[in-house]
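Chain by chain, the residues run as shown.
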Amino acid sequence: MEPILLLVHTEADGALAKPALEAFAAALALGGPVTVGLIGREVQYAAAQMEGAAARILAVTGDAFAEPRYATDAAAAEALCRAAGAPLVLAAATSRWARALPGVASRLNGRIDTHGTRIALHNGVPAVTRWFYRQRMEGVLTRAERPWFVLLEAGCAAPYAGLAGETACPTMIDVAVPATRTTVQGVAAPPAGQDTIRPDARLLFVAGAGWTKKQADGAVHVGEAEQLIRGFLDASGASLGGSKSLVDLSGEGQAVLPFMTHLNQIGQTGATPRHPKGLSTCCHGEEPHVVGWRFITERRAVNLDPNCGWARGKADVVYVADAFAVIRKLNELLAAFSHRRMSLNAGGNTRAESPF
Ligand SMILES: Cc1cc2nc3c(=O)[nH]c(=O)nc-3n(C[C@H](O)[C@H](O)[C@H](O)COP(=O)(O)OP(=O)(O)OC[C@H]3O[C@@H](n4cnc5c(N)ncnc54)[C@H](O)[C@@H]3O)c2cc1C
């Protein structure tokens, strides 16, 4: 197996995020010597986490390399690639690497493949698996050109779980800080708990446009819909997805579910998240939407229409029911569950089960 360079950026606290540990496990599984190339303000903690398994650790550090920015990330990655000289370069498909590494591949006259979901030996050479045509067809490809960069999607491999060493001595690579036009002034993020996109959640909860439509009494109940959906997300910890029809309504500035944006959209022109379970509500289950459920293992839907798209083989279970009534009842059950868990914990029982 040819030598591998795994590029890793640290997080703000100096630790490694799960996608980096997943990419590290995928690199180690190939069997070749793995050099790790770290970038960040400070990398000691991350280096100690990987030292036991990496053949070598190189690092570019300093304030200039702490923040995501194309110019500095590309300069650091280029220097690490030149120092390692590895023909195969892997990295997690974080927004930071997805932005910087195509340019680095070009600078090194290499090639890059993005959205890899697996890398493994195929007839003795590394081969990348990825999906084409909005996750409808899966392909396995190899390349003769080197260096070959591959970005690996999050959630496709078990993260590396080796024990961290006490200290590590990465080899520092000096990089002249390039001229930059971008100054990072801070990060604007929702307060903890108010973000609705939670990639690590066990459950994906999808809201469709039905939540904003006239109901049996001839009226719309958007206020109640918002309260029920927010209540369910808070109690269950689920990640929130939406259908295109629903997020388009929000984008038009109408007074409907203001916490939904196009970032929540699931489907052909939206995201294809990976969660063990999915629950669709008030969504018809059209093919352009359901294609985004490609990697949801167990699918359930609540729809008033027994002839909706979900009922035609797209869901494992369809509840023909009023989603307002179902979610209201679920929220009651979750509140009772949470109460029971608190009592068990107060009684010293730490083995309260998860609701999903
Ligand atoms: C090129 C292209 C790309 C597209 N990409 C995407 C995409 O990425 N993502 C996407 O989502 N769509 C996409 N679409 C649009 C898609 O085809 C559908 O139009 C859209 O998904 C419909 O959204 P919906 O099911 O929420 O709304 P609707 O079709 O309006 O369905 C609402 C559903 O709510 C149900 N309902 C109403 N009230 C209740 C209640 N009280 N309880 C239970 N059920 C209730 C109704 O029975 C109905 O089935 C794309 C279309 C095209 C042409």
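Residues numbered from 1 in each chain as written. Predicted model: local features only at pLDDT ≥ 70, side-chain atom pairs only at ≥ 80, totals over all residues.

Looking at the overall build of the chain
The helix and strand tally for the chain stands at 8 helices and 14 strands. Principal-axis analysis of the C-alpha atoms places the extent of the chain at approximately 70 × 50 × 45 Å. By the burial criterion, 38% of the 356 residues in the chain qualify as buried. Taking as baseline every contact in the chain between residues at least 6 positions apart, the subset at least 24 positions apart corresponds to 67%. (Helix = DSSP H or I, 4+ residues; strand = E, 2+ residues; numbered from the N terminus. Buried ≥ 20, exposed ≤ 12 C-beta atoms within 10 Å, placed from the backbone. Contact = placed C-beta atoms within 7 Å.)

A word on the packing of helix H5 (residues 222-236) against helix H8 (residues 323-346)
Between two packed helices, both the angle of their axes relative to each other and the distance between the axes serve to describe the pair. Running from amino to carboxyl end, H5 crosses H8 at an angle of 35°, the nearest separation of the two axes being 9 Å. Judged by the sense of rotation from one axis to the other, the crossing of H5 with H8 is left-handed. In this structure, H5 uses Glu224, Leu228, Gly231, Phe232, Ala235 and Ser236 to contact H8, whose residues at the interface are Phe324, Ile327, Arg328, Leu330, Asn331, Leu334, Ala335 and Ser338. (Axes fitted to C-alpha atoms, helices over the stretch in contact; angles between N-to-C directions. Left-handed = near helix turned anticlockwise from the far one by under 90°.)

Here's the deal with unusual backbone geometry
Residue proline 147 follows arginine 146 across a cis peptide bond; omega there is -5°. Its place among the elements puts proline 147 in the loop between strand E7 (137-141) and strand E8 (148-152). Residue histidine 115 is not a glycine yet carries a positive backbone phi of 60°. As for its placement among the helices and strands, histidine 115 is situated in strand E5 (residues 111-122). Phi is positive for asparagine 123, close to 50°, though the residue is something other than glycine. Residue position: asparagine 123 is located in the loop between E5 and strand E6 (125-132).

So, the nonpolar core
If you look at the biggest cluster of nonpolar residues, it comprises 56 residues, and the most contacted ones within it are Leu6, Ala23, Leu90, Ala91 and Leu101. Ignoring any residue separated from it by four or fewer positions in sequence, one finds alanine 91 in contact with Leu6, Leu7, Ala23, Trp97, Leu101 and Leu151. Counting residues in each nonpolar core, the second largest holds 35 residues, with Leu233, Leu240, Ile296 and Val318 among its members. (Core = buried A, V, L, I, M, F, W, Y, C linked by C-beta atoms within 7 Å.)

As for the domain arrangement of the chain
With domains assigned, the chain is organised as domain 1 (4-172) and domain 2 (203-346). Measuring from the centre of the C-alpha atoms in domain 1 to the corresponding centre in domain 2 gives 35 Å. Listed by partner, the interface residues are 4 residues for domain 1 and 5 residues for domain 2. Looking at the side of domain 1 that touches domain 2, its residues break down into no nonpolar, 2 polar and 2 charged. (Domains from an automatic or database assignment. Nonpolar A, V, L, I, M, F, W, Y, C, P; charged D, E, K, R; others polar.)

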